[in-house]
Amino acid sequence: MKMIVAIVRDEFAAPLTETLSRKGFGATKLASTGGFLKAGNTTFLIGVPQTQMDEAMAVIREACPGLPGTPGKPQGPGVQVGSATIFVLGVDKMIKV
Ligand code: 2BA
């Protein structure tokens, strides 16, 4: 299993939440703030079985379109903010009690 930590521009958080839910992915959303611009963004924690990683990444790419700077507006002078910054972490165990 993997843990996807996806820091997403706020404008893409609602569509990503909707698609993840519709496709049956479990996710937790955290309100977060970028350390550089100090603007709000949304961090998703998504626990994903290895076999579903490609599908999960495709969902994120679809919901968070564009390369840095597109299609959204610049959020600071000379700063282009990407749609999502994604980390993939290994998970030893997932336990629910
Ligand atoms: P922020 O930290 O507010 O950064 C917003 C944008 O400002 C970044 O877009 C980047 O284009 C620029 N930027 C960030 N740090 C900079 C610096 N020290 N000098 C010059 N420009 C800088 P993105 O790279 O697309 O990042 C979007 C958001 O993703 C970030 O918001 C932060 O919340 C998160 N993030 C990006 N890289 C990260 C990392 N290595 N670790 C943790 N969070 C990260």
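What you are looking at is a predicted structure, and each value in this text was computed from that prediction instead of being measured. (Residues numbered from 1 in each chain as written. Predicted model: local features only at pLDDT ≥ 70, side-chain atom pairs only at ≥ 80, totals over all residues. Heavy atoms only, no water.)

Quick look at the sheet that holds strand β2 (residues 28–33)
Put simply, the test is: Here a strand pair is declared whenever DSSP counts at least two bridges between the two strands. Segments assigned H or I by DSSP are reported as helices when at least four residues long, segments assigned E as strands when at least two residues long, and all are numbered from the N terminus. Throughout, an axis means a line fitted to C-alpha atoms (over the contacting stretch in the case of helices), and angles, computed between N-to-C directions, take values from 0 to 180 degrees. Note on definitions: a residue-residue contact is assigned when non-hydrogen atoms from the two residues lie within 4.5 Å.
Pairing is antiparallel in the open sheet, where four strands are placed in the order β2-β3-β1-β4. The outermost strands of the open sheet, each flanked by one partner alone, are β2 and β4 (84–90). Averaged over all adjacent pairs, the angle separating strand axes in this sheet is 20°, with direction ignored. As paired elements, strand β1 (residues 2–9) and strand β3 (residues 40–48) share eight bridges and run antiparallel to each other. Bridging from a neighbouring strand, Ile7 pairs with Thr43 of β3. Against the sheet, helix α1 (residues 10–22) engages β1, β2 and β3, with an angle of about 25° to β3.

Things to note about the site of the ligand
The cut-off we apply is this: Being near a molecule or strand, for a residue, comes down to having at least one heavy atom within 4 Å of it. Two N or O atoms count as a polar contact when they lie within 3.5 Å, although within protein this holds only if one can serve as hydrogen donor and the other as acceptor, and sequence-adjacent residues are included solely when both atoms are side-chain atoms. The method behind every accessible area is Shrake-Rupley, applied with a 1.4 Å probe, and residues are considered shielded solely by the protein chains displayed. In this count, Pro and Cys sit with the nonpolar residues alongside Ala, Val, Leu, Ile, Met, Phe, Trp and Tyr, while Asp, Glu, Lys and Arg are called charged and the others, Gly among them, polar.
Residues in contact with the ligand amount to 13 residues; listed here are only the nearest, Phe36, Leu37, Asn41, Gln80 and Gly82. A distance of 2.7 Å separates an oxygen atom of the ligand from a polar atom in the backbone of Gly82. A distance of 3.2 Å separates an oxygen atom of the ligand from a polar side-chain atom of Thr85. Out of a free accessible area of 750 Å², the ligand has 51% covered by protein chains. Considering only residue class, the shell around the ligand consists of six nonpolar, six polar and one charged.

Geometry only, nothing functional implied.
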